[in-house]
Number of protein chains: 4
Amino acid sequence: MSAPGNRPAPELIEGGFGVEIADAPLLHNGLNLADIAHVLALRERGIVADEPAGRLLGVLLDAHKTPVEEFGYDPAFGEAYNSRERRFTAEIGTDAGWLHAGRPRREAVRIAMRLRLRRDALDLIDAACDVVRATSTLAAEHAETFMADQTYLQHAQPSTFGHYLLSFAYPVQREIDRLFDDLAWVNRSPAGAGGVNGSRLGYDRSRVAERLGFDGVIEHTRDAMWQADGLIKIVSTAVSLVTTLAKLAEDLEIWSSTEFDYVSLADGHTRSSVLMPQKRNPYALTMVRGEAGVLIGRLTGMFAISKTPSARSDNLIFAYGEVPRALELAGKATRLMAGVIAGLSVNAERMYDALEGGFSQAADLADYILATCGLDYRTAYDVVGTCLRTASAQGLRGVDITAAMLDEAARERTGEPLGLTDAELHDVLDPRAIVSTRVVVGGAAPDVVRDMARRCLADAEASAARSRELRTAFDAAESALLQAAADAAELSR
Amino acid sequence: MSAPGNRPAPELIEGGFGVEIADAPLLHNGLNLADIAHVLALRERGIVADEPAGRLLGVLLDAHKTPVEEFGYDPAFGEAYNSRERRFTAEIGTDAGWLHAGRPRREAVRIAMRLRLRRDALDLIDAACDVVRATSTLAAEHAETFMADQTYLQHAQPSTFGHYLLSFAYPVQREIDRLFDDLAWVNRSPAGAGGVNGSRLGYDRSRVAERLGFDGVIEHTRDAMWQADGLIKIVSTAVSLVTTLAKLAEDLEIWSSTEFDYVSLADGHTRSSVLMPQKRNPYALTMVRGEAGVLIGRLTGMFAISKTPSARSDNLIFAYGEVPRALELAGKATRLMAGVIAGLSVNAERMYDALEGGFSQAADLADYILATCGLDYRTAYDVVGTCLRTASAQGLRGVDITAAMLDEAARERTGEPLGLTDAELHDVLDPRAIVSTRVVVGGAAPDVVRDMARRCLADAEASAARSRELRTAFDAAESALLQAAADAAELSR
Amino acid sequence: MSAPGNRPAPELIEGGFGVEIADAPLLHNGLNLADIAHVLALRERGIVADEPAGRLLGVLLDAHKTPVEEFGYDPAFGEAYNSRERRFTAEIGTDAGWLHAGRPRREAVRIAMRLRLRRDALDLIDAACDVVRATSTLAAEHAETFMADQTYLQHAQPSTFGHYLLSFAYPVQREIDRLFDDLAWVNRSPAGAGGVNGSRLGYDRSRVAERLGFDGVIEHTRDAMWQADGLIKIVSTAVSLVTTLAKLAEDLEIWSSTEFDYVSLADGHTRSSVLMPQKRNPYALTMVRGEAGVLIGRLTGMFAISKTPSARSDNLIFAYGEVPRALELAGKATRLMAGVIAGLSVNAERMYDALEGGFSQAADLADYILATCGLDYRTAYDVVGTCLRTASAQGLRGVDITAAMLDEAARERTGEPLGLTDAELHDVLDPRAIVSTRVVVGGAAPDVVRDMARRCLADAEASAARSRELRTAFDAAESALLQAAADAAELSR
Amino acid sequence: MSAPGNRPAPELIEGGFGVEIADAPLLHNGLNLADIAHVLALRERGIVADEPAGRLLGVLLDAHKTPVEEFGYDPAFGEAYNSRERRFTAEIGTDAGWLHAGRPRREAVRIAMRLRLRRDALDLIDAACDVVRATSTLAAEHAETFMADQTYLQHAQPSTFGHYLLSFAYPVQREIDRLFDDLAWVNRSPAGAGGVNGSRLGYDRSRVAERLGFDGVIEHTRDAMWQADGLIKIVSTAVSLVTTLAKLAEDLEIWSSTEFDYVSLADGHTRSSVLMPQKRNPYALTMVRGEAGVLIGRLTGMFAISKTPSARSDNLIFAYGEVPRALELAGKATRLMAGVIAGLSVNAERMYDALEGGFSQAADLADYILATCGLDYRTAYDVVGTCLRTASAQGLRGVDITAAMLDEAARERTGEPLGLTDAELHDVLDPRAIVSTRVVVGGAAPDVVRDMARRCLADAEASAARSRELRTAFDAAESALLQAAADAAELSR
């Protein structure tokens, strides 16, 4: 056993402490709160006397008012906790030593991280709520903006831009719900875990948890200190959210091309080319897609970091920075997509022209033949396919198909005409009429879409309200904690 | 528009259809059920007449009884769905053509995947319940098996093997709870989504969902067909679970070494060396760790697959195989760890010797000095540290420290002796006595551990019961569906 | 130390041996060759006598002729090596026991894996050569197929489809070169490493390496047995290759849309919709993109598997299956893209129309103004931008811009007209003329493209020839090995 | 087409420009050099006149002397390039506009990134050379420090710490070689690619490449601008390197435990516990392992970012920061491990005691029996195994085995005694004597290890020398470029 006080090697300062200290800006605020709550708890139990406790609280309150860049975090002396001890000792001498009673450094930092993450989670929830709001609102406006739904980027069946858009509101709302679940894990208190299994000093874990605004304690103390499943979980949810948004971004990028010309981004979401005066690049979409890629890597990294024996410090040391930064980046991407959706110009005419110019009514036509002529679907499909190839070769569109053309195709495939009339075909071939038949639950008929949009919007509003309540509660708890510290510091003077 | 019927290129058979057909064994059963439910729905709506419906149901029931390897899935003709159409047409001619009314191939396969995944999810839940059971049971047995808790693999503070073990029961139970949430996403019906926004044929989506044993429909039809957030989510949970188990496996591997000799695996979980007769390798642990690594990659792959525009087939085509295989592998790893824990031999004597041979009581000693001598923690820590270095240099252990030694160290650091007695030191230095002070919520005191173990076990039993109920419900729905099909097939004869 | 012969637990059979045995089909052939080379080496050193060696070689040659599914690999008895020992002992009794002299199981499997991988590497190289061939050939054909180069999917500057295509030939050729480097790591012999640091039995490592067709030995025996950097490396190269091809696939998917209509895939690379008769989906492209996603996960998995202490069996056990399967999937994707490129139809007319309909000549116009009117680029850019906005608002195209329009814009921005003539503008605005100015190294001028295409093709041919030579050498070495075994087996009868 | 000059939306500033500007510190230096080289090239071709060129070079040289934080990069105005244009225009008005002639922003940044990465690559190479040096040097010192080689962390066969250590020198040297290959890709010039296919202004690409110290141009201009295979490749190599080092770190962590006590880290690589005075945690090892995990995620992210269509800005925008940061982190981890190895204390006595206390000579004993008694290996193995179990049950060690004990075991298994003498057994059982038999290529015999160590050290020195030469060449080219700019700026005054 060697004496302490040795200097860290330069390569340890660079590759160890320096790497940790880079996360100090993320943790500074939470460390102050965690330390304050700890001192208050020690004081309440009579473990530390009022006077030194008061002095300690005084320097901690002072730290709380000090911006991180002025605090004096310096890797030459270790990670953030060491710099803090150094500063406090310089200020009040051995009284600073009471801070460490019954608590390892990691407990302070674990608490600080959770205090930070609960805000990050709310920020991300709020951004996702904005996406659902923007999507639902725009979807309702475009419940009758007809376009060809596409798979493989090929025209499939007639649909609307509103129905398309809403298919993103649902998964984003599910991610919001998951984020609230994840927040429930985040917002629990590890405080009072001691070295790992509690401390002999006694400590009211529930009281400290309440003071910090946590929803109770994490029961098992070693679980509280070391398990990171909830960290991985919240990053996973955030990455899944942005991956979903990146899909929308990729669609919009394609539809912003001259060739599609379905949509265009607001100027504030594009950027000009430095070289090419004609170009307005949909830069926002590129950034969201790239951010999804970065985030997929961040989640993978979290899993890779976790693949060690248990109770290994790297599991958490690297989470301190990686998790809040991932949530923050996810928040940026999400806010950007919310803005993009809200600012989107939709070229309904061009969408309709493309729809009308194609053959997206084919499956409906086959369904109609099946339902009225008694042909099985595969036979009806073959008849329609034959007819479409003829039409296509003649430069005709789906809406131009006549009963006579169909009869000819039917005779070729089955030996019999179908006997439909041009009048009845008109409705079957009209893309707008087709969409109006989609009255099934969740279908594209305008009223169905408007109703879904209304409910999605309501869900987003409810989620946003819930977020506001939580934020208010966090604010209140933290204020009360600071006030209690100020009172105790005052008393001891 | 070209004519259909062209042959796929050999490289498409190899790199496209062949890749898909390799998943047919995972989907065969679900495809049969999905097709049967679809035909019953068409028949109920009068879209297909009783007679062809009956014939179609007949061949589908026959398919259901046919093992996948005898069914005739052949990539030369396309993916699984194409082989099915080919077989059914060969059997009953154009009547087979009714199967496709109002439904793309993807809808059938999406349903089949969910029918498969809900079983995979339950299997994984059951395996995880076994882990919690085994862990809780063993933890209760070892509530007084003393060992040094370790961080950085260095002795930290006195604890017990029981407390250690239980720190895995909690996160595994959390994953069980998450898996039930994930299952709620899985077990909803996409049926009736049609091309993507419903179909003109009308279709009672709720009725079909109920018949298939789903907990209702996924409302928005395009969401139902294309969004994959829940797939990523369930894989994420499964991988997180196995990553947690791999931590336990890594700990046990280290503790199985000759040098530690804390635990040994049951013979049935080891394997002999082919070359070295003395070796009994803890092979099970290696496999679990490797499986965690493979699974981290599988999840990353799912995210990478998802990074495309929306409504791209690869998003789901590759999920058909990747997701059930990932859950299956997670299940294997989890069952293996459940077995390992249940069969573990614990060398309590060796654990205690190692504990007693070290200095893990140091922090408690410092806490005691703080509480009784009025020294702040950092000063107390320095005194203890000084004393320990002296003891260590003399070949003494923590339990050998005397009041005189402490006084000497205190004089060196503070100029004053502490004035403690050897009698009071005895309890402060005894690791067992230290553990008995950990009565805080979630601490290591034996009764606290036994109480937690009891509740963890109860949670696992409750989860297992819930899983059994769901399984029974799935069985019942599927049986009823087959019976309805048999009745309809019979009627039409 | 417990007695051997205990039965593996069922969960170990499922989650351990069963997982390993699933890779037996990949390793069977190599295991036979590795065992044969080992026995021949033991026999040459006189460690095993001619007669038992002959018998052993006899059963090994027999194993070599036995298809893997008939061999009797059975996880109930362990992984593949155990099943082999079991079979050989059943056939020739204790003579089978000589096989294990001086060699752990892992050495046999490591060799088998490398024998497999060197073939997989060549297969992938060959596929990549086909991509370069197809790309270069098509590029040369389309050296004058004009199109707008696109960034952000927005028209940038006039270019050609040939120049575009060639931008894939170069990185694919680089991956080919890397694959040859990676193969150099793969094709070295770990044989003779013994337990890990050699064996007391003596063994000519070079002789065995030569017999197996390896390019020499891996010097350090523990490095030979345990380090996996080269495995990760070859997977990394393969995944990088497919990721590059997926970019091309994504471009082609977009360009296959009705709205773009730049290219269409050969029928043999598409698939019909089951529901929608009008749809010919570019299925091959979807599969390549999805395979890229799967492979990104496979590589991540390899890294995650590697994150353990050293000499952990899982590092290699999981590589046995993951690495060849990843290379195989990469090969399938690569062959599929080679086919797609070779079969592609290019709609040159549509490309030109889109080009001519836009404003891609803007930067050239600004460059021309800069070069002839003495305006700095930013000013020239502003003049052109102003002019384009006017033209765009009037429904004009870039080619319609007149000297007068430019003068007006210039006056607006600078107060002065430019004084250019319509005659000189004609060439500056003609996209074809613009492309002809790109004579810089690597530029888009047709002759430059044709020259690059010729050299790319030559590089691919040279690589393919090198691959053929290596394959011939592997074949020859393996044949000679089998012949030597047959001779020795014959002799001992 | 909308007018430029619109303000970016706040969410674009946050989630777009702000994200990019965060990388300005990495690119600032390279951007200055790239701009200077561009202006010199334009001036040489007479595209920009001497006077404005001189003024432009003047502000660029000034920028070069300005620290990045004082430069005025501000996301409110766009990414870094926009801020630069803004500053230069403020300084010299429209003369700044000449900078953009024939070059998009991306070309400047691509060059800047490569100028940065070639330094990062050398830094990483140097760090890796230090690892090989430290490893080889320590290995030579411990060529006779006997220890049990371990697999599954179980004693396998007698070996030395020197042989063990050297098994890391080889793969690290391979990564060094790969980094030089990767650097060859990095250090080529994309300059002169223009929009994407060259520019009409003419431009001597080779001359610019030479001026910037590149090893020539990347031929195909679109390849030069957009393909990122080499970026992925260098990150892959760096991550593979750190993953290998993390294995060593994990081994050392285990061996630093009290139970093993094989090695201890220098004080400068440990850190004290804040709570537990007895603890000296091997903190450096934890950091290296965690950094490996982070880096695995960074590589995955690079692949995920790359999974897009071609010519998408996110492919490179995110690489600008991710790649140099990944290399930098890899460098930190590598330097830290070099320090750890160089400072390691090795407890040879404890290693030998553990070795002697076990049964690692078992396979050698079986080999000896095979070679002298004519028993096949499996039979010899069974005899030895039987004997060891008896010895183990009696508390004996491998070295305590007698000829009589072996005879008894042999009789039990084969019915016959072996007839060996205690005298001959002595050498077979002595671990040191066993190691001395490992004279095979790459084996553990001390002279073999010393010879390998000598050659590894020489390779590292040669690599370090090559790195120095390259660095000198980069320095020289960059100095000459700045001098040429200064001369041109001076001339024009």
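Just so you know, these numbers come straight off a predicted model, no measurement behind them. Sequence positions are assigned chain by chain, starting from 1 and proceeding in written order. Written order determines the labels here, with chains lettered from A and ligands numbered from 1. Owing to the predicted nature of the model, reporting of local features is limited to residues with pLDDT of at least 70; listing and counting of side-chain atom pairs is limited to 80 or more, with chain, interface and lining totals taken over all residues. The side-chain figures draw on all heavy atoms in the structure; neither hydrogens nor water molecules are used.

Caption draft 1: Region of the structure containing helix 12 (residues 314-342) of chain A. In this model, helix 12 of chain A (29 residues) spans 41 Å end to end at C-alpha, consistent with the 42 Å of a helix rising 1.5 Å per residue. Each residue is placed in one exposure class: buried if its accessible area under a 1.4 Å probe, protein chains only, is under 20% of its type's maximum, exposed if it is over 50%, and partly exposed if it falls in between. Put simply, DSSP H or I for four residues or longer makes a helix, DSSP E for two residues or longer makes a strand, and each gets a number counted from the N terminus. Of all 29 residues in helix 12 of chain A, 24 are buried; the element is thus mostly enclosed. Under the convention used throughout, the expected extent of a helix is 1.5 Å for every residue step, that is, one less than its residue count.

Caption draft 2: Main features of helix 17 (residues 422-429) of chain A. All names here are of chain A. When we look at burial in helix 17, the residues that qualify are L425, V428 and L429. The arc enclosing the buried residues of helix 17, seen along the axis, measures out at 85°, which places them on a common side. Helix 17 presents A423 and H426 as exposed residues on the side facing more than 90 degrees away from its buried surface. The inward-facing, buried residues of helix 17 contact helix 14 (362-373), helix 16 (403-414) and helix 18 (431-436). Working definition: the arc comes from the directions between the helix axis and the C-beta atoms, pointing outward to the latter. Contacts: residue pairs with any heavy atoms within 4.5 Å of one another.

Caption draft 3: A look at the side chain of R84 of chain B. Residues and elements named next belong to chain B. With respect to the helices and strands, the residue R84 is situated in helix 5 (residues 80-92). On the accessibility criterion, R84 (1% relative accessible area) is buried. At a separation of 2.8 Å, a polar atom in the side chain of R84 contacts the side chain of N32. Identification of polar contacts relies on pairs of N or O atoms within 3.5 Å, with a donor-acceptor requirement for protein atoms, meaning one able to donate a hydrogen and the other able to accept it, and with residues adjacent in sequence counted only if both atoms are side-chain atoms. One polar contact links R84 to Y73, side chain to side chain, over a distance of 2.9 Å. In this structure, R84 is in contact with H28, L31, N32, D35, L60, F71 and Y73, ignoring residues within four places of it in sequence.

Caption draft 4: Representation of the interface of chain D and chain C in the model. Taken together, the contact between chain D and chain C spans 105 residues of the former and 107 residues of the latter. When chain D packs against chain C, close to 8800 Å² is buried across both sides, 57% of that on carbon and sulfur atoms. When a carboxyl oxygen of Asp or Glu lies within 4 Å of a side-chain nitrogen of Lys or Arg, that pair is called a salt bridge. Where chain D touches chain C, the interface holds 14 salt bridges. The partner of D149 of chain D in a salt bridge is R222 of chain C, and the shortest N-O contact between them spans 3.1 Å. Linking chain D with chain C are 56 residue pairs in polar contact (both at pLDDT 80 or more). Considering each element in turn, the side of chain D that touches chain C owes the most residues, 13 residues, to helix 10 (residues 229-255) of chain D. Here the residues of the side of chain D that touches chain C sort into 41 nonpolar, 37 polar and 27 charged. Summed over both partners, the accessible area lost on bringing two parts together, with a 1.4 Å probe, is the buried area. Classification used: nonpolar for Ala, Val, Leu, Ile, Met, Phe, Trp, Tyr, Cys and Pro, charged for Asp, Glu, Lys and Arg, polar for all others including Gly.

Caption draft 5: Focus on the relation of the copies chain B and chain D. Fitting of the copies onto one another was done by least squares over C-alpha atoms, counting residues only where both copies have pLDDT of at least 70. Rotating chain B by 180° and moving it 0.0 Å along the rotation axis overlays it on chain D with an RMSD of 0.0 Å. Such a combination of rotation and displacement between the chain copies is what one expects of a two-fold axis. Residue by residue, 100% of the interface of chain B is reproduced at the interface of chain D, so both copies engage with the same surface.

Caption draft 6: Highlighting a negative patch on the surface. Each patch is built from residues that are more than 30% exposed by relative accessible area and take part in no salt bridge. Like charges join if they lie within 9 Å; nonpolar side chains (Val, Leu, Ile, Met, Phe, Trp, Tyr) join within 5 Å. Reported accessibility uses the Shrake-Rupley method at a 1.4 Å probe radius. Residues are deemed covered only where the shown protein chains occlude them. We count Lys and Arg on the positive side and Asp and Glu on the negative side, and we leave His and both chain ends out. To locate a charge, take atom NZ for lysine, CZ for arginine, CG for aspartate or CD for glutamate. The grouping of D177, D181 and D459 of chain A together with D177, D181 and D459 of chain B at the surface amounts to a negative patch. At the level of elements, helix 7 (161-186) of chain A together with helix 7 (161-186) of chain B are the ones that each hand at least two residues to the negative patch.

Caption draft 7: View of the nonpolar core. Formed by 738 residues in total, the largest nonpolar core has its most connected members in W255 of chain A, F161 and W255 of chain B, W255 of chain C together with F161 and W255 of chain D. Excluding residues within four positions of it along the chain, W255 of chain C makes contact with M147, Q150, L153, F161, Y164, F260, D261, Y262 and V263 of chain C. For the purposes of this section, nonpolar cores are sets of buried Ala, Val, Leu, Ile, Met, Phe, Trp, Tyr and Cys residues that join through side-chain atoms within 4.5 Å.

Caption draft 8: Looking closely at the relation of the copies chain D and chain C. The two copies are related by a screw motion: chain D maps onto chain C through a turn of 180° and a shift of 0.0 Å along the axis, at an RMSD of 0.0 Å. Most of the interface of chain D is mirrored in chain C, where 100% of its interface residues again form contacts.

Caption draft 9: Looking closely at the packing of helix 2 (residues 24-44) of chain B against helix 19 (residues 446-491) of chain B. Residues and elements named next belong to chain B. Between N-to-C directions, angles cover 0 to 180 degrees, with each direction set by a line fitted to C-alpha atoms, over the stretch in contact for helices. Running from N to C, helix 2 and helix 19 point in directions that differ by 55°, and their axes come no closer than 10 Å. One way to sum up the angle between helix 2 and helix 19 is to call them oblique. Between helix 2 and helix 19 lies a crossing of left-handed hand. Contacts between helix 2 and helix 19 involve L33, I36, A37, L40 and R43 from the first element and E478, L481, L482, A484, A485, A488 and L491 from the second. Broken down by class, the residue content of the contact of helix 2 with helix 19 amounts to 10 nonpolar, no polar and two charged. In this scheme, roughly parallel covers angles under 35 degrees and roughly antiparallel covers those over 145, while 65 to 115 is roughly perpendicular and the rest are oblique. With the far helix as reference, a near helix turned anticlockwise by less than a right angle produces a left-handed crossing, and one turned clockwise produces a right-handed crossing.

Caption draft 10: Quick peek at the packing of aromatic side chains. By convention, a stacked pair of Phe, Tyr or Trp rings (six-membered ring in the case of Trp) has centres within 6.5 Å and planes under 30 degrees apart, an edge-to-face pair has planes over 60 apart, and any other such pair is tilted. The final tally for this structure, using the stated rule, is 42 aromatic pairs over all chains. Consider the rings of F71 of chain D and F88 of chain D, whose centres lie 6.1 Å apart with planes at 80°: the pair is edge-to-face. Note that F71 of chain D is positioned in helix 4 (residues 68-71) and F88 of chain D in helix 5 (residues 80-92), a separation of 17 residues in sequence. Of the two residues, F71 of chain D and F88 of chain D, both sit in the buried class. Taken together, F161, Y164, F168, W255, F260 and Y262 of chain A together with F161, Y164, F168, W255, F260 and Y262 of chain C form an aromatic cluster joined through their ring pairs.

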